[in-house]
Amino acid sequence: MKKILKYIPVLLVLLYACDPMDDVYTDLDKAREPYNEAVEFMMTADDYKTVSKQALKDATNAEDTAYAKAVESDMSFNQKYTDLDYMKYVLHANYIALGKNSVANVEYNSMDKPEDLMVLEGAEQYRLSKDDYALVEEGVVAAGEGFYPGYEAETYLPAILAAGIESPEEGDIVRANYKYYFEEPQIGYKAVFTETFDDETLGEFTSFNIAGEDLWFAGERYGDFVAEASGYGKGACEDWLVSSEIDLSDSEGVTFQINQYVNYLTSWDDIAILISTDYSGDVNAATWEEIVVTTKPEGTNHDYVLSEMVDISAYEGQTCFIAFKYVCSADAALRWRLNDINVFEKGISGEYDTREIFYEYNGGEWTVLDDSQIISYSEYEMFGSPGKYHNFSTSDEPENYLPTYLQSKYPYAQEGDVQFVGYKYYYSGSTGFKVSKYMFTEGMWSSESSGPFVTVTNQFVHNGTTWVFDPTIAFTMGKSDYQLVVDYVRDNISEDYAPYSDGEYYYGASGRYTNFDLRIKNRTKYDIPTGIEGKTFEDLSEEEALEVIWDRLPEGIIEMLKAKYPEATTQVGGVDVYYEVEFKTYENDLSSNFYTYKFKCTKSGPNPEFDFIEDITPEN
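Residues numbered from 1 in each chain as written. Predicted model: local features only at pLDDT ≥ 70, side-chain atom pairs only at ≥ 80, totals over all residues. Heavy atoms only, no water.

We now examine the packing of aromatic side chains. Counted under the stated rule, the structure contains 47 aromatic pairs. Ring geometry for Y48 and F77: centres 6.2 Å apart, planes at 65°, overall edge-to-face. Here the residue Y48 occupies a position in helix 3 (residues 45-58), and F77 occupies one in the loop between helix 4 (62-74) and helix 5 (83-94), the gap between them amounting to 29 residues. This pair shows no difference in class: Y48 is buried, exactly as F77 is. Here F197 and F205 contribute two aromatic rings whose centre-to-centre distance is 6.1 Å and whose plane-to-plane angle is 40°, an arrangement assigned as tilted. Here F197 falls in the buried class, since its relative accessible area comes to 0%. Overall, the relative accessible area of 4% leaves F205 in the buried class. If you follow K564 out to its NZ or CZ, it ends over the ring of F475, 5.1 Å from the centre. (Phe/Tyr/Trp six-rings, centres within 6.5 Å; stacked < 30°, edge-to-face > 60°. Helix = DSSP H or I, 4+ residues; strand = E, 2+ residues; numbered from the N terminus. Buried < 20%, exposed > 50% of the residue type's maximum accessible area, 1.4 Å probe, protein only. Lys NZ or Arg CZ within 6 Å of the ring centre and 35° of its normal.)

Put into structure tokens, the structure is as follows:
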């Protein structure tokens, strides 16, 4: 009997409480038990990177590697590296202290990715170097470090890739990245030294902390790769960012230029751009002279300002170092961001585009993939808004631009033609490389891709050893849930058993009081059937009547689950789905109590079915 079971543990607790060592034993028990907690968590770019790194360790072939890299670039699990297998690495990294019985509800992205897209997205980028261009024709393409009309990339890239890529295998695919000048480049300026921080490291620079905290770091900020220092809230500090050695021994007409951002300006004396020819590792021991930049930010907004080209020709014929010195007081600090740091010398110049082409290794040579293309920088700019950072994003979806782009590029496309389009996509603080598949159907280009991803929230529990997926749905019944039971009784059993719009006594559900009324007198008053042939509730003893009421209760909750979850499924990821339902009772002795029942979905919706498994109320 439920009623009797309910009070047995209470009595034991009262007797046990007489032990004067009770508090000590309790503390010892807690010390032995693993710490557990319920947490809610949304995966970040760093978390997908964690999964990707582990997946790369597990990869055994090129296809595996492509899927592993896609986890980071897509910021999404995929069919090769799933949430069920790899979420544990994320949760272990974020919740080291949590142990058995901890619960994590995690929001994350997941997608099924077509294999043909994965192969292209996983292609390595081959960025042409000065040495690569030099293979073409001395003084022509080599001098401009890029191709131009009359010297087209497709003519020379097969030979360049053959020379630059060691031991390619049949079917290998690369993205050849190169410059293309719109006109023959002219004598002008070219970079001797450049740093854009686009690999999210300090690159050619090293940070030196003189006082306070070390502030310089590299990262991505709204599509820009930058080095940043901000001493806000850090107290007094002094930090230097010093370049690697810059060789100007053969340079002429040398200039310096920087694109920088300054906000929350306190004083221009707090920052300085410096140059030295005798630096050897100790910033305080070197002789530094200031590089005076006159075109600079206002210091009160988020705008980047490209400086003029500052003449530093006095350092020609020498090697030098450039440094950025940041100082902040204990109570004030500005934010300084740097990108596109360049030292130029006179050389080849001209307006150019950054382009990429897919090449595949077949039959011993590199050939263009004719049905594939990659959006260039100038094409992003042609689109308008995506040109700001040369990428698409959640606010500038590729689907809003690419169909029109393909329509214009292929005016004579035929029914069933296919094009794979590669592009950069910015999402949640990170930019990755994506590929979409388009087919020409009924006069239009339509995406054949399944979309970037779907966002889901699932539950994972710690089993004492690791985190495992658990699709159990746990909730406490609310007013609307009790009302579903009331409506079921009125519509499917009898209106006579539901004398109120928000209350019935066949199961006892009350939307008004948000509980199950288990009193026998109401069953008798409204002539509720017992289910025992020939007997009413008046014919039963109190113990028999309560047994009927309790035995009937799971049936009412099951009808609520059917109405609440019409599309319930028996399994998620091969794991059975359970429902843990907490409800409140108003009992025959006028006490109010809470219970938790466990149910299993045994048939998927529509028209799902559920089985009552057990009473999992802690005291029972």
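Looking now at the side chain of N342. Note that N342 resides in strand 17 (residues 335-349). Residue class for N342 comes out buried when judged on its relative accessible area of 12%. Polar contacts involving the side chain of N342 include one to the side chain of T194, which spans 2.6 Å. Setting aside anything within four residues of it in sequence, one finds N342 in contact with A191, F193, T194, T255, F256 and Q257. (Polar contact = N/O pair within 3.5 Å; in protein donor to acceptor, adjacent residues only side chain to side chain. Contact = heavy atoms within 4.5 Å.)

All right, on to the pattern of salt bridges then. Enumeration according to the criterion identifies 16 salt bridges in this entry. Notably, a salt bridge pairs K437 with D116, separated by 3.4 Å at the nearest N-O pair. One end of the pair, K437, is in strand 23 (residues 430-441); the other, D116, is in helix 6 (residues 115-121), and 321 residues separate them in sequence. Residue D116 is classed as partly exposed on the basis of its relative accessible area of 29%. Here K564 and D481 are joined by a salt bridge, their closest N and O atoms 2.9 Å apart. Of this pair, K564 sits in helix 14 (residues 542-564) while D481 sits in helix 12 (residues 479-493), and the two are 83 residues apart along the sequence. Looking at D481, the relative accessible area reads 4%, which means it is buried. Among the ionic contacts, a cluster of salt bridges with common partners joins R221, E228, R335 and R337. (Salt bridge = Lys/Arg side-chain N within 4 Å of Asp/Glu carboxyl O.)

Geometric values such as these leave the question of function open.
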